[in-house]
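Single-letter residue listing:
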Amino acid sequence: MTFKALSDELANLLVKDNKKNWPVIVAIFLIILFPVIFLAALTYFKSRQEATAFAVSQRQAIAYLAATTLKEKLDRLTDISVSLASRVRFRQLVSEGKWEEAVQILKSVPKDFPFFDRLFLSGPDGTLWADTPALLDVRGKNFASRDWYRGVSQNWKPYVSEVYQRAAQPRYNVFAVAAPITAEDGSITGILVLQVKVDFLLQWTKNIEVGPNGFVVIVDRRGKIAAHPKFPPQGELVTYSKIPAVQKSPREDKGAAHLSNLLGREEELVTYQSVPVYGWRAIVEQPVSDAFAARDENLKRLLTAYALIGLISCALAYLILRFITERRQSENEIRNLNKNLADRSLEVEAANKELEAFSYSVSHDLRAPLRAVDGFSRILLDEHASQLSEQGQGFLRRVRENAVNMGQLIDDLLTFSRLSRQPLKKQNVVTADLARQVLDELKQEQNGRRIDASVADLPQCEGDPKLLKQVFVNLLSNAFKYTRKREVARIEVGSENINGETVYFVKDNGAGFNMKYADKLFAVFQRLHRSEEYEGTGVGLAIVQRVVHRHGGRIWAEAAIDKGASFYFTLDGVNAHA
Amino acid sequence: MPDNEPVEILLVEDNPNDVDLALHALKKNKVSNRIQVVRDGEEALDFIFGKDSSSGGPSEQRPKMVLLDLKLPKVDGLEVLRRLKGDPRTRSIPVIMLTSSGEESDIVKSYDLGVNSYIVKPVDFQQFSEAVRQLGLYWMVMNQAPIQ
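Residues numbered from 1 in each chain as written. Chains lettered and ligands numbered in written order. Predicted model: local features only at pLDDT ≥ 70, side-chain atom pairs only at ≥ 80, totals over all residues.

Undergrad: Please clarify how the overall build of chain B should be interpreted in this entry.
TA: If you tally the helices and strands in chain B, you get five helices and five strands. When the elements of chain B are put in sequence order from the N terminus, they spell out β-α-β-α-β-α-β-α-β-α. Within the span of chain B, comprising 148 residues, buried residues form 36% of the whole. (Helix = DSSP H or I, 4+ residues; strand = E, 2+ residues; numbered from the N terminus. Buried ≥ 20, exposed ≤ 12 C-beta atoms within 10 Å, placed from the backbone.)

Undergrad: Honestly, the overall build of chain A in this entry has me stumped. Any pointers?
TA: Along chain A, the regular secondary structure elements total 14 helices and 19 strands. The 578 residues of chain A split such that 30% are buried. Within chain A, contacts between residues at least 6 apart in sequence are counted, and of these 61% link residues at least 24 apart. (Contact = placed C-beta atoms within 7 Å.)

Undergrad: What's the story with the interface of chain A and chain B in this structure? I'm lost.
TA: When the parts of a complex come together, some accessible area is lost, and that lost area is often used as the size of the interface. The interface is formed by 15 residues belonging to chain A together with 15 residues belonging to chain B. Elements that contribute at least two residues to the side of chain A that touches chain B include exactly α10 (293-383) and α11 (390-421) of chain A. Sorting elements by how many residues they give to the side of chain A that touches chain B places α10(A) first, with twelve residues. Looking at the side of chain A that touches chain B residue by residue, the classes come out as seven nonpolar, four polar and four charged. (Nonpolar A, V, L, I, M, F, W, Y, C, P; charged D, E, K, R; others polar.)

Undergrad: What is the right way to look at the environment of B:Thr99 in this model?
TA: Residues and elements named next belong to chain B. Examined against the element boundaries, threonine 99 turns out to sit in strand β4 (residues 95-99). Taking C-alpha positions, threonine 99 is 5.6 Å from lysine 121, a pair spaced 22 residues apart along the chain. Setting aside chain neighbours within four positions, we find threonine 99 in contact with Asp69, Leu70, Asp106, Val120 and Lys121.

Undergrad: Would you take a moment to explain the packing of helix α13 (residues 465-482) of chain A against helix α14 (residues 540-550) of chain A for this structure?
TA: When two helices pack together, you describe them by how their axes are tilted relative to each other and by the distance separating the axes. Residues and elements named next belong to chain A. Relative to each other, α13 and α14 sit at 145 degrees, their axes nearing to 9 Å. Once α13 is placed against α14, the crossing between them reads as left-handed. Between α13 and α14, the residues in contact are Leu467, Gln470, Val471, Asn474, Leu475, Ser477 and Asn478 and Gly540, Leu541, Ile543, Val544, Val547 and Val548, respectively. (Axes fitted to C-alpha atoms, helices over the stretch in contact; angles between N-to-C directions. Left-handed = near helix turned anticlockwise from the far one by under 90°.)

Undergrad: Can you walk me through the sheet that holds strand β19 (residues 565-569) of chain A in this structure?
TA: Within a beta sheet, neighbouring strands are joined by backbone hydrogen bonds and run either parallel or antiparallel to one another. Residues and elements named next belong to chain A. Strand order in the open sheet formed by five strands is β14-β16-β17-β19-β18, with mixed pairing between adjacent strands. Two strands lie at the open edges of the sheet, namely β14 (450-455) and β18 (555-559), each paired on one side alone. Adjacent strand axes in the sheet meet at a mean angle of 15 degrees, parallel and antiparallel pairs treated alike. Examined bridge by bridge, strand β16 (residues 488-498) and strand β17 (residues 501-508) share eight bridges and lie antiparallel to one another. Bridge pairing in β17 places asparagine 497 opposite threonine 502. In this fold helix α12 (residues 431-445) packs onto β14, β16 and β17, with an angle of close to 165 degrees to the strand it touches most, β14. Contacting β16, β17 and β19, α13 crosses the sheet at an angle of about 30 degrees to β17. (Pairing = 2+ DSSP bridges.)

Undergrad: Quick question: what am I supposed to make of the confidence of the model for chain B here?
TA: Detailed conclusions should not be drawn from predicted coordinates in areas where pLDDT is low. Considering every residue of chain B, the mean pLDDT works out to 75; 70% of them sit at 70 or more. The ipTM value of the predicted complex is 0.72, and its pTM value is 0.48. (pLDDT = per-residue confidence, 0-100.)

Undergrad: Could you clarify how one ought to interpret the sheet that holds strand β1 (residues 9-12) of chain B in this entry?
TA: All names here are of chain B. Taken together, the five strands give an open sheet; going across it, the order is β2-β1-β3-β4-β5, and neighbouring strands pair in parallel fashion. The open sheet has two free edges, formed respectively by β2 (35-38) and β5 (117-120), since each of these has just one partner strand. Along the sheet, successive strands turn relative to each other by an average axial angle of 20 degrees, direction set aside. Here β1 runs beside β2; their pairing, made up of four bridges, is parallel. Paired with isoleucine 9 across the strands is isoleucine 35, a residue of β2.

Undergrad: Please clarify how the pairing of β17(A) should be interpreted in this entry.
TA: Two faces, one strand: in a regular strand the side chains alternate between the faces of the sheet. Residue and element names in this part refer to chain A. Burial along β17 is one-sided: the residues Thr502, Tyr504, Val506 and Asp508 are buried and none of Glu501, Val503, Phe505 and Lys507 is. Once β16 ends, the chain turns through two residues before running back antiparallel as β17, passing asparagine 499 with a positive phi of about 50 degrees. Bridge analysis of β17 against β19 gives four bridges, and the strand direction is antiparallel. For valine 506, the partnering residue across the bridge sits in β19 and is phenylalanine 567.

Undergrad: Teacher, can you tell me more about the nonpolar core here?
TA: One broad rule of soluble globular proteins: the nonpolar side chains tend to lie buried together. All names here are of chain A. The biggest cluster of nonpolar side chains holds 61 residues, and the ones touching the most others in it are Ile218 and Ala282. At nine residues, helix α2 (residues 22-85) tops the list of elements feeding residues into this core. Not counting residues up to four positions away in its chain, the partners in contact with alanine 282 are Ala63, Ala66, Ala67, Leu70, Val216, Ile218, Tyr272, Gln273 and Val275. Among the nonpolar cores identified, the runner-up in size contains 41 residues, and Val429, Cys461, Tyr482 and Ala565 belong to it. (Core = buried A, V, L, I, M, F, W, Y, C linked by C-beta atoms within 7 Å.)

Undergrad: Honestly, helix α3 (residues 77-86) of chain B in this entry has me stumped. Any pointers?
TA: Listed in full, the buried residues belonging to α3(B) are B:Gly77, B:Leu78, B:Val80, B:Leu81 and B:Leu84. Along the axis of α3(B), the buried residues cluster in a sector spanning 160 degrees; they form a single face. (Arc of directions from axis to C-beta.)

Undergrad: When you look at the confidence of the model for chain A in this model, what are you seeing that I'm missing?
TA: Residue and element names in this part refer to chain A. Across chain A, pLDDT averages 84, with 94% of residues at or above 70. No element of chain A has a lower mean pLDDT than helix α8 (residues 244-248), which averages 65, and none a higher one than β19, which averages 94. Note on residues 574-578: pLDDT under 50 across the span, and eleven contacts to partners over four residues away in sequence or across chains.

Undergrad: Before we go on, may I ask you to explain unusual backbone geometry in this structure?
TA: All names here are of chain A. The residue after threonine 132, namely proline 133, is reached through a cis peptide bond having omega -10 degrees. With respect to the helices, strands and loops of the structure, proline 133 is situated in the loop between β4 (128-132) and α6 (147-155). At aspartate 562, a residue that is not glycine, the phi angle is positive and equals roughly 65 degrees. Of note, aspartate 562 is situated in the loop between β18 and β19. C-beta crowding within 10 Å serves as the criterion here: with 12 such atoms nearby, aspartate 562 is assigned to the exposed category.

Undergrad: Can you help me understand the environment of A:Ala453 in this one?
TA: Residues and elements named next belong to chain A. Position of alanine 453 relative to the elements: it lies in strand β14. Residue alanine 453 is classed as buried on the basis of its C-beta count, with 21 C-beta atoms lying within 10 Å. The spacing of alanine 453 and leucine 439 is 14 residues in sequence and 8.1 Å in space, taken between C-alpha atoms. If sequence neighbours within four positions are ignored, alanine 453 has contacts with Leu439, Lys443 and Ile491.

Undergrad: Sorry, what's going on with α11(A) here?
TA: Count 3.6 residues to each turn of an α-helix, and residues three or four apart come out pointing the same way. For α11(A), which comprises 32 residues, the first-to-last C-alpha distance of 47 Å matches the rise-based estimate of 46 Å (1.5 Å per residue) to within 8%. Residues of α11(A) that are buried in the fold lie against α10 of chain A. (Expected span 1.5 Å × (residues − 1).)

Undergrad: Just checking my understanding: could you explain the packing of helix α2 (residues 41-49) of chain B against α3(B) for this structure?
TA: Residues and elements named next belong to chain B. Their axes nearest at 9 Å, the elements α2 and α3 cross at an angle of 20 degrees. Regarding the angle of α2 to α3, the classification is roughly parallel. Judged by the twist between their axes, the crossing of α2 over α3 is right-handed. In this structure, α2 contributes Gly41, Ala44 and Leu45 to the contact, and α3 contributes Gly77, Glu79, Val80 and Arg83. Its residues placed into classes, the contact of α2 with α3 shows three nonpolar, two polar and two charged. (Parallel < 35°, antiparallel > 145°, perpendicular 65-115°, else oblique.)

The following block contains the structure:
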C-alpha cells in the first residue's frame, strides 16, 4: 500500500462527516503510545534488575573478600599459637610445672605482635598459672567456664574463641586463641592462650570502601560483634540480637537481604559471607538509598529519556493526525466548493443557453417586421411613386432609412451579446498582420479619400484572432468615420512599451471628442456625436472594450475636440520577446 | 396557377409579408410562374412526399427548386433540409436557404446538410430584390439543365 493510499485510509477513519472522529483519534494515540510505554516499562524493570544485581554482587564480593581476609588472619593466629606451643624447651618446662620459666620464653611475643594483648598459660583444668604481661590478681584463678577452655578442651585442638571482655581493667573486647600444650608422650600438660585485641586485629575492616554510609561488620560464631564502626570495642559488648543484619543473616552461608533497622530508620542492603572453619561472619551493610543511588540515578535518566521519546512520538502522532485530518477536511471543503462551482456553472450554462435562444429569436423575429416595413415602402416608392406627393415620397424614404437603422442596431446588439458569450479561443496572433488586413479591407470602402494610414511592427500577442479582428475593425472604422471631414486622413496603428507592458494604439486626426465625456465612450448605445453628423449605433466601442476585458486587458482614450483621438489598449499574455 | 401543371418552385415561408415580398421580387424578375407556397415545414414535407410521407404515394410532387425559410413552425427548415437531402428521391432537388439572420451556426449546419445556396434576407428590400434577381438567373440556368 502506498503512503497516499494509507493516508487516505487513515483520513477516512479520522474524519467522519467532515468532523474529527475523536474515539478513533484517541485509539490511535494509545496504539502509538502503548509500545513506547511497554518498552519503557520492560527496559526499566530489566535495567533495575540488572543494576540491583550488580550492586548486590559488588557488595557480596566485598563480604567475600572480608571473610577471606579474616580467615587468613585467624589461620595465621592459629599457626602462631600452635608453633609457640610446640617449642621443645617450652613444652618441657610446662610438663615440669615450671609455668613462670615457660612464660618467660614467650615474653617477647606481645612486643613482636602488637595485636596480642597478652598471653597466658593454664593447666589442663583451666587454672591460670602464668601470664605476660603479668596481672597478679588472675593467677590461680580457674577459667574453665570460658569459651576458649571449653573449645580447646573439647578435642584438644587449637581453638579460636568468641569475643569477650577481658577480665582485667580496662575491659576492652578481646578473643582468645587457645592451643593445647602436650608432653612428649602426647598427654595434655597445659594450654597456651593468646588474647587478641579485636580492634587491633580488625583495624583493616574500617578501610574497606563500601560506598557512602556503608561499612563492614565482623561477628564471631555466636554473632557477637567483633568489629562494628558504630560500636567501639572498648564499650559494652553488643549482643547480636540488637543488630538485625547479624540476627537475620544465616550463619553458614552467603547471601543478601533487604533489612529494616530495628530503630525504624531506613532500609538497608545487607550482604554476608561466613568464614569457613571458624564460623565467623563478614557482613556488609549499607542503606538501600545509598547502595542503589547510582542505579536509581541511571533509572531516572532512563525514565526521562523514555518520557521524552513518548512525548516526541505523541507530538509526532499529533502532527501526523492533524495533517491528515486537516488535509481531509480541506479536501472536503474543496470538494464542496467544486460541487457548488459545478452547480453554478451548470446554472450559468443554462442561463447562457437561454440567452442564446433569446437572441436567436430576436435576430430572426425582430427583423421580419422591419423587412416588411422596408420592403413595402420600397415597392410603394418604386411602383406607386406617381400617386404620392414629393413630401410623401420623402416620408417614405425616412421610413425606410429608419427601418434599415433599426436593423443595424439589432445586428450590433447581437454581435455585442455574442462576443460576450463566445468562449475565448486563444492562440498566437501576429497583431501587425491582423491590423494591416483590416486596414486594407476598410480602405477599399473609402472611395476617393486621401488617406495616410500606417501600421507599425506590432509585437505578437496571445488572443482570439476573430475577436481581436473585431477590435481593429471597430477602432479603424471609427478612425475612418471621424476623419471624413479632413482633407488628408491620418491614421496610425502602433505600440509602446510602458512599464514592461505592451500598449497598442490607434490614432487619428479626426473630430476627436471632449475628454469630459470620456467615461461614456465605452458604454453601449452611448454616443458623443449626433447621428446626422456621424452615423452609428453606439455599440462599436462597447464591443471593443468587452473584447479587451475578456483578454484581461484595459482600454482608454485620449482626445480633444477637432484634434483627433487616440485609443490605447493592452492585452494580457503579450509576448514581450516577439 | 393551373393545377395540372407541375410545380417548379416551392417557397416555404411562414411570414405572409415575406411571402408577398418574395413573390413580388420573383415576379419583377420574371420567375413568377408555377410557384407553390407552403406555410410550414410539415406542409412542405407533405407536399413533396405526400400525406403518408414514407410510402411515396401518387400525391407526391417534385419541385425543380425549393426556397426554404430556416425558421418555420412545426418542422423547422433545417429538419426539412435534412429530410430532402437524406432521401435519394429528392436529394438532387436544389435547395436555397432563406434566413433573416447571419447566425454562423445556422449557415454551418445548412452546409453540413448539403444546402445548395444560402440567402440572408436583408432588411433592405433592395438587397433582397437583388438576391432574388440573382436567384432568377440561377433558376434559369437550372431550368435549362436536363433534370427530369
